[in-house]
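What follows is the residue order along each chain.
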Amino acid sequence: MTAVRLDRMPCCRLLEAVPVLLTLAFSAALTPSHSFSADQPAAQPNLIRQENSREGATDWQLTRVRLDRADGCRSPAIEGYCSKQSVAAGEKLQIMVSTDPAEKYKLEIFRTGCYGGRGARLMTTLGPFEGKPQPVPAPDERTLHECSWEPATELTIPDDWPSGVYLGRLTTLPPPDERPYWQSYVIFIVRDDRPADVLFQCSDNTWQAYNGWPYKFSVYTHPKGGQGPWADVSFDRPYGREAQYSGIVNDPLSVGSGGYLTFEFPLAYFLEQEGYDVSYCSNSDMLTPDRGLKCKAFVSVGHDEYWDIRQYESVVAMRDAGVNLLFLSGNAVCWVSPFRAGADGRPNRIIFRGGPYGGNNQWIEERIKAHGPFPERGPDEGYLMGARNLRPVNGGGDWICTKPDHWIFAGTGMKKDDSVPGLIGWEYHGDPPTDLPGLEIVGQGIAWQGGVVPSPWTATIYPGPKGNYVFNAATIFWSQGLSMPPGHTLPWSHWSRPHGPDPRVQQITRNLLTRAGCRP
């Protein structure tokens, strides 16, 4: 059968372009053997397809970004942050902005998606506003930088804004021909509470843990050490330059967007291009299982390292209730990161590295001995994900098929030991629990730390209690094999890099979603 390159097609043509026979060919093999839930309310499968049929924006990316210095991470000419990680329709969102020097500016808000290959849609334009410098807070003994800037604007989310990841593009408005304009993003998630096939959890706790704003202050930069429990970080500050710009991805045109554009947007673009019924949430929206219990599949994406223990408990409850879990991520569920309120009482605005997940396994004992003591210790994440965070946890390598007759490989043409170049990195999972009933190893190989030190990685799948499954792709870079959205920059890791969209990775992902009862 001829392969159809869906990653290159406008989403509005997908239903015409995908042969009906493709669905029929695999339906018998991939149809779930169970009904997800007899009383599950009907989803709205056309919402995302209808949204992506709207006209996309031809100009939504950043064009001009000026960092404060060669080794800096902030863009003081214009930068901002939002009052909440996520917001529902009808709720208010405050957006705080600083310009230094003082300058007029505008704010354009875009929803990211496919939109016929353009990648985003303009939702509204606000301003012009009179900008001014806002203060950089003095750090406390835990190096916390918590801004209390004056709001530039307060936006009530319209009822017709669908769930998604939204970028606010800030642009200075200098007098024409006198000086150049500068730009950066703010980012927020619009959530909803509707039944949906796929729940896409953004990894924003990890974005913030690595965020070095204003001058390389993150959970990794405390004077006592970079792996201990000593540093707090606040969501009340701008997102600066991607923290791994010197070793993973150097993309100053993502300033203000956390880790979304590099590590998560390719998955969101793919899902919306294909027409899947998808809803989006923040890590902070998963402190109870309620949202996930309304969905057929839960997706952890990219670099999903920092989880409040309540997130873990929620996802365990979802699995046990029959929700399918897709860990299309690496280094996920590694550190317990308790939330607490900000200085003004808004909930879930400060996190820290409270302690490791892992129960009593050897990797955790090593972490505690080297970097503790820690006030928290989480359960063994291997019994949720099907694999663990091990040491070394970072490197680069090829994703290698070990069980080609498994249903996840249907239609891929993959044979044993076939590989997807560079798809492992920059961090990954391994060491699956051997006593987890029904666990199967579907991918396995070696990643090379520093390009030379071998470290094993393992991709797994195991059955849930109600005919559902838990899949672990074992790599941060899985999304890189799904799509190449406009302006996307491929990362690299330890002298290895992914190649971009791969039809085999796309088909494995389709197979997983089909098995979960999620169809375009």
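Residues numbered from 1 in each chain as written. Predicted model: local features only at pLDDT ≥ 70, side-chain atom pairs only at ≥ 80, totals over all residues. Heavy atoms only, no water.

### Looking at the overall build of the protein chain
Then step 1. Each helix and strand in the protein chain was counted, giving 10 helices and 22 strands.
Then step 2. Structurally, the protein chain occupies a C-alpha span of about 65 × 55 × 45 Å along its principal axes.
Then step 3. Per-residue burial over the protein chain gives 60% buried out of 520 residues.
Then step 4. For the protein chain, the share of sequence-separated contacts (at least 6 apart) that also reach a separation of at least 24 residues comes to 74%.
Then step 5. Summing over all exposed atoms, the protein chain offers an accessible surface of approximately 19100 Å²; the carbon and sulfur share of this is 53%.
Then step 6. Counting 49 positive and 57 negative side-chain charges, the protein chain places the averaged centre of each group 2 Å from the other. (Helix = DSSP H or I, 4+ residues; strand = E, 2+ residues; numbered from the N terminus. Buried < 20%, exposed > 50% of the residue type's maximum accessible area, 1.4 Å probe, protein only. Contact = heavy atoms within 4.5 Å. Areas by Shrake-Rupley, 256 points an atom, 1.4 Å probe, with all protein chains shown as cover. Lys, Arg positive; Asp, Glu negative; His and termini not counted. Charge placed at Lys NZ, Arg CZ, Asp CG, Glu CD.)

### So, the sheet that holds strand E14 (residues 324-330)
Sheet strands pair via backbone hydrogen bonds, and the direction of the pair is either parallel or antiparallel.
Then step 1. Strand order across the open sheet formed by seven strands is E11-E9-E12-E14-E22-E21-E20, with mixed pairing between neighbours. Edge positions in the sheet fall to strand E11 (278-281) and strand E20 (440-449), since each has one partner strand and no second. The sheet shows a mean angle of 20 degrees between the axes of neighbouring strands, direction not considered.
Then step 2. Pairing analysis gives five bridges linking strand E9 (residues 196-201) to strand E12 (residues 295-303), with the strands arranged parallel. Bridge pairing links Ala 196 to Cys 295 in E12.
Then step 3. With respect to the sheet, helix H10 (residues 503-515) is in contact with E9, E14, strand E21 (453-463) and strand E22 (469-472), its orientation differing from that of E22 by roughly 165 degrees. (Pairing = 2+ DSSP bridges. Axes fitted to C-alpha atoms, helices over the stretch in contact; angles between N-to-C directions.)

### Concerning the environment of Phe 298
Then step 1. Here Phe 298 is to be found in strand E12.
Then step 2. For the pair Phe 298 and Val 198, spaced 100 residues apart in sequence, the C-alpha to C-alpha distance is 6.0 Å.
Then step 3. If near-sequence neighbours (up to four positions away) are discounted, Phe 298 is found in contact with Leu 199, Gln 201, Met 286, Trp 307, Val 315, Met 318, Val 323, Asn 324, Leu 325 and Leu 326.

### Observations concerning the sheet that holds strand E13 (residues 306-307)
Then step 1. One open sheet accounts for three strands, arranged E13-E15-E17; its pairing is mixed. Each edge of the open sheet carries a strand with a single partner, namely E13 and strand E17 (355-356).

### Some thoughts on the packing of aromatic side chains
Then step 1. Summed over all chains, the structure comprises 22 aromatic pairs.
Then step 2. Ring centres of Tyr 105 and Phe 129 lie 5.3 Å apart, and the angle between their planes is 35 degrees; on these two criteria the pair is classed as tilted. Of the two residues, Tyr 105 is situated in strand E4 (residues 104-112) and Phe 129 in strand E5 (residues 120-130); the sequence distance between them amounts to 24 residues.
Then step 3. Given the relative accessible area of 3%, Tyr 105 is considered buried. (Phe/Tyr/Trp six-rings, centres within 6.5 Å; stacked < 30°, edge-to-face > 60°.)

### What about the pairing of strand E7 (residues 164-172)?
Then step 1. Here E7 lies mainly inside the structure; nine of its nine residues are buried.
Then step 2. As defined by bridge partners, E4 adjoins E7 across seven bridges and the pair is classed as antiparallel. Each residue of the ladder has a partner; that of Arg 111, found in E7, is Tyr 166.
Then step 3. In the sheet, E7 pairs with strand E8 (residues 183-191) via eight bridges, with the strands oriented antiparallel. Paired with Thr 171 across the two strands is Gln 183, which belongs to E8.

### A word on the environment of Arg 54
Then step 1. Of note, Arg 54 is situated in the loop between helix H3 (47-52) and strand E1 (79-82).
Then step 2. As a C-alpha pair, Arg 54 and Gly 395 span 341 residues in sequence and 40 Å in three-dimensional space.
Then step 3. Ignoring sequence-local partners within four residues, the contact set of Arg 54 consists of Tyr 115 and Arg 121.

### With respect to the environment of Thr 221
Then step 1. Along the polypeptide, Thr 221 turns up in the loop between helix H4 (204-210) and strand E10 (232-234).
Then step 2. For the pair Thr 221 and Lys 403, spaced 182 residues apart in sequence, the C-alpha separation works out to 42 Å.
Then step 3. Reaching out from Thr 221, the side chain makes a polar contact with the backbone oxygen of Lys 216 at a distance of 3.1 Å.
Then step 4. A distance of 2.8 Å separates a polar atom in the side chain of Thr 221 from the backbone nitrogen of Ser 218. (Polar contact = N/O pair within 3.5 Å; in protein donor to acceptor, adjacent residues only side chain to side chain.)

### Some words on the side chain of Thr 99
Then step 1. Turning to its location among the elements, Thr 99 is positioned in the loop between strand E3 (92-98) and E4.
Then step 2. Residue Thr 99 is classed as buried on the basis of its relative accessible area of 1%.
Then step 3. A polar side-chain atom of Thr 99 sits 3.5 Å from the main-chain carbonyl oxygen of Pro 101.
Then step 4. Separated by 3.2 Å, the side chain of Thr 99 and the backbone nitrogen of Glu 103 make a polar contact.
Then step 5. In contact with Thr 99, not counting residues within four places along its chain, are Pro 76, Ala 77, Ile 78, Tyr 105, Gly 131, Lys 132 and Pro 133.

### Some words on helix H6 (residues 265-274)
The α-helix advances 3.6 residues per turn, and as a result positions three or four apart in sequence lie on the same side.
Then step 1. Of all 10 residues in H6, 10 are buried; the element is thus mostly enclosed.
Then step 2. For H6, the set of buried residues is Phe 265, Pro 266, Leu 267, Ala 268, Tyr 269, Phe 270, Leu 271, Glu 272, Gln 273 and Glu 274.
Then step 3. Trailing H6 by a residue or two, Gly 275 shows a phi angle of about 90 degrees, which is positive.

### Some remarks on unusual backbone geometry
Then step 1. For the peptide bond that leads from Gly 127 to Pro 128, omega is 5 degrees, which places it in the cis range.
Then step 2. Position of Pro 128 relative to the elements: it lies in strand E5.
Then step 3. A cis amide bond, omega 0 degrees, links Trp 213 with the succeeding residue Pro 214.
Then step 4. Within the secondary structure, Pro 214 is located in the loop between H4 and E10.
Then step 5. Phi is positive for Tyr 115, which is not a glycine, with a value near 55 degrees.
Then step 6. Looking at where Tyr 115 falls in the secondary structure, it is placed in the loop between E4 and E5.
Then step 7. Look at Asp 417: it is not a glycine, yet its phi comes out positive at around 75 degrees.
Then step 8. Tracing the backbone through its elements, the reader meets Asp 417 in the loop between strand E18 (397-400) and strand E19 (419-424).

The analysis is restricted to geometry; functional conclusions fall outside its scope.
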